[in-house]
Amino acid sequence: MRLRSVASAVVLMSSFVGAQVISTPYSFAIPSKCNYTTSNRDIIGTCKSGSGQFRILLNCKRAPDRKSVWAKPGQMVSARCLIGRAYRVSFEIRD
(Lines give C-alpha, C1' and ligand atoms only; values in the text may rest on other atoms or scores of the structure.)
Protein backbone atom coordinates (compact mmCIF):
# COMPACT_ATOMS: atom_id res chain seq x y z
CA MET A 1 0.00 0.00 0.00
CA ARG A 2 2.83 2.37 0.78
CA LEU A 3 4.35 1.80 -2.68
CA ARG A 4 1.09 2.75 -4.39
CA SER A 5 0.85 6.10 -2.55
CA VAL A 6 4.45 6.97 -3.50
CA ALA A 7 3.74 6.10 -7.12
CA SER A 8 0.60 8.26 -7.02
CA ALA A 9 2.60 11.15 -5.60
CA VAL A 10 5.17 10.82 -8.41
CA VAL A 11 2.44 10.79 -11.07
CA LEU A 12 0.72 13.77 -9.43
CA MET A 13 4.00 15.70 -9.22
CA SER A 14 4.93 14.99 -12.85
CA SER A 15 1.43 16.08 -13.89
CA PHE A 16 1.90 19.32 -11.96
CA VAL A 17 5.31 19.96 -13.52
CA GLY A 18 3.89 19.21 -16.98
CA ALA A 19 1.04 21.64 -16.38
CA GLN A 20 3.52 24.37 -15.52
CA VAL A 21 5.38 23.85 -18.78
CA ILE A 22 2.15 23.92 -20.78
CA SER A 23 0.94 27.09 -19.08
CA THR A 24 3.92 29.11 -20.35
CA PRO A 25 2.53 32.04 -22.38
CA TYR A 26 2.45 31.11 -26.05
CA SER A 27 2.12 34.71 -27.21
CA PHE A 28 5.88 35.22 -26.89
CA ALA A 29 6.55 32.56 -29.52
CA ILE A 30 4.64 34.21 -32.37
CA PRO A 31 5.31 37.42 -34.29
CA SER A 32 3.71 40.50 -32.76
CA LYS A 33 3.49 44.28 -33.18
CA CYS A 34 2.75 43.86 -36.90
CA ASN A 35 1.92 46.88 -39.06
CA TYR A 36 1.96 47.94 -42.69
CA THR A 37 2.02 51.00 -44.92
CA THR A 38 0.90 51.57 -48.48
CA SER A 39 2.97 52.96 -51.30
CA ASN A 40 0.93 53.27 -54.51
CA ARG A 41 -0.41 49.71 -54.89
CA ASP A 42 2.34 48.10 -52.79
CA ILE A 43 1.63 47.02 -49.22
CA ILE A 44 4.84 46.96 -47.15
CA GLY A 45 4.79 45.42 -43.68
CA THR A 46 6.77 43.97 -40.82
CA CYS A 47 6.37 42.44 -37.38
CA LYS A 48 8.69 43.93 -34.78
CA SER A 49 8.98 41.25 -32.10
CA GLY A 50 8.45 37.59 -31.31
CA SER A 51 9.69 34.57 -33.21
CA GLY A 52 8.29 32.34 -35.90
CA GLN A 53 7.25 33.73 -39.27
CA PHE A 54 4.64 36.03 -40.80
CA ARG A 55 3.36 37.08 -44.21
CA ILE A 56 0.96 39.66 -45.60
CA LEU A 57 -2.36 38.57 -47.11
CA LEU A 58 -4.18 40.86 -49.54
CA ASN A 59 -7.81 40.56 -50.59
CA CYS A 60 -7.87 42.16 -54.04
CA LYS A 61 -10.97 43.68 -55.66
CA ARG A 62 -10.49 42.74 -59.32
CA ALA A 63 -7.83 40.02 -59.17
CA PRO A 64 -6.91 36.87 -57.23
CA ASP A 65 -5.84 37.40 -53.63
CA ARG A 66 -2.11 37.79 -53.07
CA LYS A 67 0.39 36.76 -50.38
CA SER A 68 3.90 37.92 -49.58
CA VAL A 69 6.76 35.55 -48.86
CA TRP A 70 7.21 34.21 -45.32
CA ALA A 71 9.57 36.33 -43.21
CA LYS A 72 10.93 36.55 -39.67
CA PRO A 73 10.13 39.44 -37.30
CA GLY A 74 12.26 42.46 -38.13
CA GLN A 75 12.25 41.79 -41.87
CA MET A 76 10.19 43.83 -44.34
CA VAL A 77 7.92 42.16 -46.90
CA SER A 78 5.67 43.50 -49.61
CA ALA A 79 2.77 42.36 -51.74
CA ARG A 80 0.71 43.94 -54.52
CA CYS A 81 -2.59 43.22 -56.20
CA LEU A 82 -2.17 42.52 -59.91
CA ILE A 83 -4.98 44.93 -60.77
CA GLY A 84 -6.44 47.64 -58.57
CA ARG A 85 -5.97 47.91 -54.83
CA ALA A 86 -6.43 45.64 -51.85
CA TYR A 87 -9.65 46.09 -49.90
CA ARG A 88 -8.40 44.08 -46.92
CA VAL A 89 -4.88 43.58 -45.54
CA SER A 90 -4.08 41.02 -42.85
CA PHE A 91 -1.13 39.14 -41.41
CA GLU A 92 -0.79 35.35 -41.28
CA ILE A 93 1.55 33.97 -38.63
CA ARG A 94 3.11 30.60 -37.92
CA ASP A 95 5.50 29.26 -35.34
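Only a predicted model underlies this, so the values are computations on that prediction, with no experimental measurement involved. Numbering of residues begins from 1 in every chain and follows the order in which that chain's sequence is written. Per-residue local features of the predicted model are confined to residues with pLDDT of at least 70, and side-chain atom pairs are confined, for both listing and counting, to 80 or more; whole-chain, interface and lining totals are unaffected and use all residues. Computation of side-chain values covers all heavy atoms of the structure but excludes hydrogens and water.

Enquirer: I'd love a proper account of the overall build of the protein, names of residues and values included.
Expert: Strands here mean DSSP runs of E at least two residues long; helices mean DSSP runs of H or I at least four residues long; both are numbered from the N terminus. Secondary structure summary: the protein contains one helix and six strands in total. Type-normalised accessible area, obtained with a 1.4 Å probe on protein chains alone, sets the label of each residue: buried when under 20%, exposed when over 50%, and partly exposed for intermediate values. Here the protein holds 95 residues, and the buried ones make up 19% of them. Here a residue-residue contact requires only that any non-hydrogen atoms of the pair lie within 4.5 Å. For the protein, the share of sequence-separated contacts (at least 6 apart) that also reach a separation of at least 24 residues comes to 45%. Surface exposure of the protein reaches about 7000 Å², of which carbon and sulfur atoms provide 58%. Only the protein chains shown count as covering a residue, and every accessible area follows the Shrake-Rupley method with a 1.4 Å probe.

Enquirer: Tell me about the side chain of Thr46, and name the residues and values.
Expert: On the secondary structure map, Thr46 appears in strand E2 (residues 42-49). Of note is the side chain of Thr46, whose polar atom sits 2.7 Å from the backbone oxygen of Gln75. Not counting chain neighbours up to four residues away, the residues in contact with Thr46 comprise Lys33, Cys34, Asn35, Phe54, Gly74, Gln75, Met76 and Phe91. Each polar contact in these results corresponds to two N or O atoms within 3.5 Å; when the atoms are within protein, one needs to be able to donate a hydrogen and the other to accept it, and residues that are neighboring in sequence are counted only if both atoms are side-chain atoms.

Enquirer: Break down the side chain of Asn59 for me, citing the residues and quoting the values.
Expert: Summarising the element assignment, Asn59 is placed in strand E3 (residues 53-60). Here the side chain of Asn59 touches Asp65 through a polar contact of 3.1 Å, side chain to side chain.

Enquirer: Summarise unusual backbone geometry; cite the residues concerned and give the values.
Expert: For Lys33, which is not glycine, the phi torsion reads 55° and is therefore positive. Inspection of the secondary structure puts Lys33 in strand E1 (residues 32-39). Positive phi values are uncommon outside glycine, yet Asn40 reaches one of about 55°. Among the secondary structure elements, Asn40 is positioned in the loop between E1 and E2.

Enquirer: With reference to specific residues and values, describe the sheet that holds E2.
Expert: One bridge is not enough; two strands pair if DSSP finds at least two bridges between them. The antiparallel open sheet is built from three strands, whose spatial order is E1-E2-E5. This sheet does not close on itself; its edge strands, each paired only once, are E1 and strand E5 (77-80). Within this sheet the neighbouring strands show an average axis-to-axis angle of 25°, counted without direction. Direction of pairing for E1 relative to E2: antiparallel, over a ladder of seven bridges. When the sheet's bridge partners are listed, Ser39 is paired in E2 with Asp42. Working convention: axes come from line fits to C-alpha atoms, limited for helices to the stretch in contact. Angles between N-to-C directions cover 0 to 180 degrees.

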